[in-house]
Structure formats: structure tokens, C-alpha cells
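Here's the letter readout for the chains.
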Amino acid sequence: PGIYQVRSSTPDTMTPLLVDSAANIQAVASPDRTRIAFSSNRAGSFDLWVMDADGRNPHRLTTDPGIEGEPAWTPDGTRIIYTTSPKTGLPQLASIRVDGTDNRALTALPGGNHSADVSPDGASIAFVSTRGGHSGIYVMALDGSVQRRTTKGSDRESIPRYLSNGDLAYVTERGGGSRVHRIAAGAVQPVT
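Residues numbered from 1 in each chain as written. Predicted model: local features only at pLDDT ≥ 70, side-chain atom pairs only at ≥ 80, totals over all residues. Heavy atoms only, no water.

**Section: the pattern of salt bridges**
The condition is simple: We define a salt bridge as a side-chain nitrogen of Lys or Arg found within 4 Å of a carboxyl oxygen belonging to Asp or Glu. Counting from the N terminus, the helices are the DSSP runs of H or I reaching at least four residues and the strands are the DSSP runs of E reaching at least two.
Using the criterion set out here, one finds nine salt bridges in the structure. Here Arg-79 makes a salt bridge to Asp-102, at a shortest N to O gap of 2.9 Å. Of this pair, Arg-79 sits in strand 8 (residues 79-85) while Asp-102 sits in the loop between strand 9 (92-97) and strand 10 (104-105); the two residues are 23 residues apart in sequence, bridging distant segments of the chain. In this structure, Arg-149 and Glu-157 form a salt bridge, with 3.2 Å as the shortest nitrogen-oxygen distance. Salt bridges linked by common partners bring Arg-79, Asp-102 and Arg-104 together as one network.

Structure below.
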């Protein structure tokens, strides 16, 4: 897999940005659109990388032997929140500066934690956790403190994404079907 760019003016044309013998996945543009964070196995295991928006100057951020992926930029473009999956154990969330320094664990609780998204104001991180026995949507402060469940359902919940107004959207799965829910900014109960 490679990283390609598609412009809305020419949706039938894909421009290759990073296509080589490595698997380059989960590309996410920085808030100012000048850089791209992605996961790649170009150095052996899947690590986090950042490159210029034109595909040049890729540099590696993480070097752990496990898998690092699912990057999400903070709105100021200085940090990336990501999922780290050790060779043994469950996935957890971490935060790293875009220059590869100040790597910090954000979660370490029983149950896996993954699929982070950062709020537009940069104050909160929404993520999926299985700490309650099934996949639920949780929210925490940018430093990993004040972790709490923000939904009350028993269905499998996934893909939390903040909208530009601060509302939080997520998906529930039940009986082979899926529904998209929306939680108003600051609320706990889903608004359907």
C-alpha cells in the first residue's frame, strides 16, 4: 500500500506521494496541510513517520518493536496522538512531538485503548476502550488525565471523530447493522 493524493478538482486522478516497497498506511494531513503523519513498516515493524505534504523528507518518529499507528494530530500541529501495540499486551495510546521527542504514554489501564481523535480546541481526546468489557467511547484530557466514558450504550462502539463545532460522532454496531451517533459538545448522552 502506498500514499496517494486526490484533489476534488480532479477526483479521477490519484497522485502518488509515497509508493515504494514498504507498506505505508493510515496517512493523516497536519492541520496546516504541510505534513503527513503515517504508519510504515519501512524499517521493519510498523512505526510512526512524518513527511512533507509532497511526499518528500520522511522521518521516523518511533522505534518500538511493536506496532505504532492510527496517528491523530493536535490542532496546533505540535504533537501526534497514536496507538501503540506491543508484541505482547493490549494496544494503548501515546503522544509524541512531531520531531520525535517527548514520547508519553497516555493510557495504561486494563483493556485495550485505540482509535484516538483530538477535539478542535485541543483540550480532549476521544478514543475507543475495552476496559468496560466491550468497545465504548471514552474521553480524556490531552495529557491523559480525567479519563471517563462518554457513552452509555451496550452496543459495540467505534470510530470516534470530532466535528469542527466540537460535537463528537461515533458508530455503533448491532445485529449486522451500523448507526452513526452524535454527542453535542460537553454532553454525555448521544443525540440521534
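**Some words on the environment of Pro-65**
Selection criterion: Between two residues, a contact is recorded if the distance between any of their heavy atoms is within 4.5 Å.
Here Pro-65 shows up in the loop between strand 6 (59-60) and strand 7 (67-73). Residues Pro-65 and Val-50 lie 15 residues apart in sequence; the distance between their C-alpha atoms is 18 Å. If we ignore the near neighbours within four places in the chain, the residues touching Pro-65 are Ser-45 and Lys-87.

**Considering the pairing of strand 5 (residues 45-52)**
Rule in force here: Strands are treated as partners if at least two bridges between them are detected by DSSP.
Both strand 4 (residues 35-43) and strand 5 contribute to a ladder of seven bridges, which runs antiparallel. The residue bridging Ser-39 from the neighbouring strand is Leu-48, located in strand 5. Pairing of strand 5 with strand 6 involves two bridges; the strand directions are antiparallel. By the bridge assignment for strand 6, Trp-49 is matched with Arg-60. In sequence, strand 5 turns back onto strand 6 through a hairpin of six residues, with Gly-55 there showing a positive phi of about 90°.

**So, the sheet that holds strand 7**
The four strands are arranged 7-8-9-10 in an open sheet whose pairing can be described as antiparallel. Each edge of the open sheet carries a strand with a single partner, namely strand 7 and strand 10. Bridge count for strand 9 against strand 10 is two bridges, and the pairing is antiparallel. The residue of strand 10 that forms the bridge with Ser-95 is Arg-104.

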